[in-house]
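Here is how the chains run, residue by residue.
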Amino acid sequence: SYDVLDWFLTSEVEGIPFAWHDYPVNQLDGVQNNLPEFMVTQHPLDSEQRAEYYIARLGQFDTKFGQLLEGLRLRESKGIIPPRFVVEKVLAEMRGFVTTPPRENILYTHFAQTVDDIDALPPARAEDLEAQASAAIEASVYPAYHTLIAYFEELLSKATDNHGVWALPQGDAYYDHRLQVSTTTDMTADEIHDLGLAEVERIQGEMDAILRDQGISEGTVAERMLALGREPRFLYPDTQAGRDEIIADFQRIIDEINAEMGDWFVTLPEGSVEVVPVPEFRQDGAPAAYYFPPSLDGSRPGRFFVNLRDPAEMPRFRMRTLAYHEAVPGHHFQSTIQSELTGVPQFRRVLPFTAYGEGWGLYAERLAWEAGFQEDPYDNLGRLQDELFRAVRLVVDTGIHRKRWSREQAIDYMLDNTGIAETDVVVEIERYFVLPGQATAYKVGMIKLLELRERARAALGDAFDIRQFHELVLGNGDLPLTLLEEQVD
């Protein structure tokens, strides 16, 4: 525990010169979209008192946004201005959010639907609470958004380019720090870039062999995968029924593998996981899927969010890998087991280390394959495509922020090498602009976990137990990779 806190606080202190080098309003997960998402997906509404708390929080949006604006103006004075596409996209998002009447906004419709189901709440009281919620949206929420919109309209003329963080004051030093925080290693940008190029070549070789075995040999790996992803046999209909089927199939995949995890793990999480759609107002800027861990008191389950903006972006052969990464045995196991740790300081239950968490998610995809859950060659292609995707991230993240690649250059590289739909690629590349270094954590973490597992297997021989290896890795919660290596050794 001492070493974990020492590593974390040292990293925080080293980051003080870059305290303002971020974009708290961005197209991916800025305050303007994650605050409404919190209200709709996490805020409890199971009693009259909690309904009153919800209304009180709506009434504080203007305060929250006012504090946010102070920070934005301070960043601007220091030369920290987001890329132009970020400003354009958050403006479109915020304008869309406030165009509906208050009683048609998701903050109201969600509240009204939920309050009507509270036991023993008289209808007259429910109507009164709903009127208060509507009034708070009109008096606090919408004015807060309009103020933020006005600021970003003014900022648009100053955000002239789509540069990586090299263009910011102390940009190269900032990126070096972000790589160290994200990977929890001392790898340089050039080392990470070269690792990515080598992994892209290796994984494409494996995929090419499988594609040829299926009689698919014309074109690059990316071209063949893109064509495969458009075949009707792998697609869901672009209807509500098709979207409902995607959710149901994800839940089935998770339930199927969850039943077998006792063969691979000593400790299983107590909290459950459910599959839910990404809220519509967040779909355009959100990735294909993401995970929220359960509440610490166990009252809310873990949630695997699936983006249903376009079912064509969710070919069936990619679904298993996505479910294994985000839910079981991926982030749901990792995050929930950490939150359920006992006998450790509270910070050990909540501190995240990206290379560990995302490395585990990618390791979980491979573990599911090793456990026999992706024997279909197309499912295995989906697994390798996602691993290839993470290898490409090493190249494009360092390309953008150290080698000064343009947004378009990065998009072209990912399109040419992954076979992923262009809409997904654009969202991903734009994500790397606002989260510098984060995308390098996945592959670096996975490679370290596999390296440590094989080191333990070689040292222990017949005494090696995969369940005990997983118990050691997950049983300590998130760790910097350097400390995880010490534990395994």
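See above for the structure.
Our subject in this report is the structure included herewith. (Residues numbered from 1 in each chain as written. Predicted model: local features only at pLDDT ≥ 70, side-chain atom pairs only at ≥ 80, totals over all residues. Heavy atoms only, no water.)

**Focus: the overall build of the protein chain**
For the protein chain, the count of helices and strands is 21 helices and three strands. Along the first, second and third principal axes, the C-alpha atoms of the protein chain reach 70 × 55 × 55 Å. Burial analysis of the protein chain (489 residues in total) assigns 55% to the buried set. For the protein chain, long-range pairs separated by at least 24 residues make up 79% of all intrachain contacts whose partners lie at least 6 apart in sequence. Accessible surface, the protein chain as shown: approximately 20,600 Å² in total, 50% of it carbon and sulfur. Charged side chains of the protein chain number 44 positive and 82 negative; the gap between the two group centres comes to 2 Å. (Helix = DSSP H or I, 4+ residues; strand = E, 2+ residues; numbered from the N terminus. Buried < 20%, exposed > 50% of the residue type's maximum accessible area, 1.4 Å probe, protein only. Contact = heavy atoms within 4.5 Å. Areas by Shrake-Rupley, 256 points an atom, 1.4 Å probe, with all protein chains shown as cover. Lys, Arg positive; Asp, Glu negative; His and termini not counted. Charge placed at Lys NZ, Arg CZ, Asp CG, Glu CD.)

**Examining a negative patch on the surface**
On the surface, a cluster of negative charge is contributed by Asp 116, Asp 117, Asp 119 and Glu 127. Position of Asp 116 relative to the elements: it lies in the loop between helix H6 (106-115) and helix H7 (123-155). (Patch = residues over 30% accessible without salt bridge, like charges linked within 9 Å, V, L, I, M, F, W, Y side chains within 5 Å. Salt bridge = Lys/Arg side-chain N within 4 Å of Asp/Glu carboxyl O.)

**Remarks on empty space enclosed by the protein**
Under the criterion given, the structure shown has one cavity of 30 Å³ or more. The space that makes up the largest cavity amounts to roughly 80 Å³. If you list the elements that add at least two residues to the lining of the largest cavity, you get helix H4 (61-77) and H7. (1 Å grid on protein atoms, 1.4 Å probe; cavity = no way out; pocket = protein on both sides within 12 Å on 5 of 7 lines; lining within 4 Å. Points joined across faces, edges and corners; volume = space filled by probe spheres on them.)

**What to know about the pattern of salt bridges**
In the structure shown here, the tally under the stated rule is 48 salt bridges. A salt bridge links Glu 52 to Arg 125, with the nearest nitrogen and oxygen atoms 2.8 Å apart. With Glu 52 in helix H3 (residues 48-58) and Arg 125 in helix H7, this residue pair connects regions lying 73 residues apart in the sequence. For Arg 455, the salt bridge goes to Glu 451, with nearest N and O atoms at 2.8 Å. With Arg 455 and Glu 451 both in helix H19 (residues 441-460) and four residues apart, the pair spans about one turn of that helix. Looking at Arg 455, the relative accessible area reads 30%, which means it is partly exposed. Among the residues examined, Glu 451 registers a relative accessible area of 34% and is labelled partly exposed. Shared partners join several salt bridges into a network, and the residues in it are Glu 199, Arg 202, Glu 206, Arg 383, Glu 387 and Lys 443.

**Digging into the environment of Asp 284**
Tracing the sequence through the fold places Asp 284 in the loop between strand S1 (273-277) and strand S2 (289-292). With residues up to four places along the chain from it excluded, the contact list for Asp 284 reads Arg 309 and Val 427.

**Observations concerning unusual backbone geometry**
Looking along the chain, the bond that leaves Val 328 and enters Pro 329 is cis, with omega of 5°. Despite not being glycine, Ala 120 shows a phi value in the positive range, around 65°. Along the chain, Ala 120 turns up in the loop between H6 and H7. Note on Ala 120: relative accessible area 83%, which makes it exposed.

**Side note on the environment of Arg 393**
Position of Arg 393 among the secondary structure elements: in helix H16 (residues 377-401). In this structure Arg 393 comes out as buried when scored by relative accessible area, which is 2%. Sequence separation of Arg 393 and Ile 429 is 36 residues, and the distance between their C-alpha atoms is 8.7 Å. Beyond its immediate sequence surroundings of up to four residues, Arg 393 is in contact with Glu 428, Arg 431, Tyr 432, Ala 439 and Tyr 442.

**Observations concerning the sheet that holds S2**
In sheet architecture, strand pairing relies on hydrogen bonds along the backbone and comes in two forms, parallel and antiparallel. Judged by pairing direction, the sheet is mixed, and its three strands sit side by side in the order S1-S3-S2 without closing on themselves. Two strands lie at the open edges of the sheet, namely S1 and S2, each paired on one side alone. Direction aside, neighbouring strands of the sheet carry axes that sit 25° apart on average. With five bridges connecting them, S1 and strand S3 (residues 302-306) associate as parallel partners. Bridging across to S3, Val 273 finds its partner in Gly 302. (Pairing = 2+ DSSP bridges. Axes fitted to C-alpha atoms, helices over the stretch in contact; angles between N-to-C directions.)

**Considering helix H9 (residues 189-213)**
An ideal rise of 1.5 Å per residue puts 36 Å on 25 residues; H9 measures up with 37 Å between its terminal C-alpha atoms. Regarding H9, the residues found buried are Ala 189, Ile 192, His 193, Gly 196, Glu 199, Val 200, Ile 203, Gln 204, Met 207, Ile 210 and Leu 211. In this structure, the buried side of H9 is in contact with helix H8 (171-183), helix H10 (221-228), H16, helix H17 (407-418) and H19. At the exit of H9 stands Gly 215, carrying a positive phi of roughly 80°. (Expected span 1.5 Å × (residues − 1).)

**Observations regarding the side chain of Arg 348**
Mapped onto the elements, Arg 348 comes out in helix H14 (residues 346-350). At 9.3 Å, Asp 478 is the nearest oppositely charged side chain to Arg 348, a buried residue that forms no salt bridge. Setting aside its immediate chain neighbours within four residues, Arg 348 contacts Ser 1, Val 4, Gln 338, Leu 341 and Asn 476.

**Looking at the packing of H9 against H16**
Remark: H9 packs on H16, axes separated minimally by 8 Å, with the N-to-C direction vectors making an angle of 160°. One element, H9, and the other, H16, form an angle in the roughly antiparallel class. Crossing handedness for the pair H9 and H16: left-handed. (Parallel < 35°, antiparallel > 145°, perpendicular 65-115°, else oblique. Left-handed = near helix turned anticlockwise from the far one by under 90°.)

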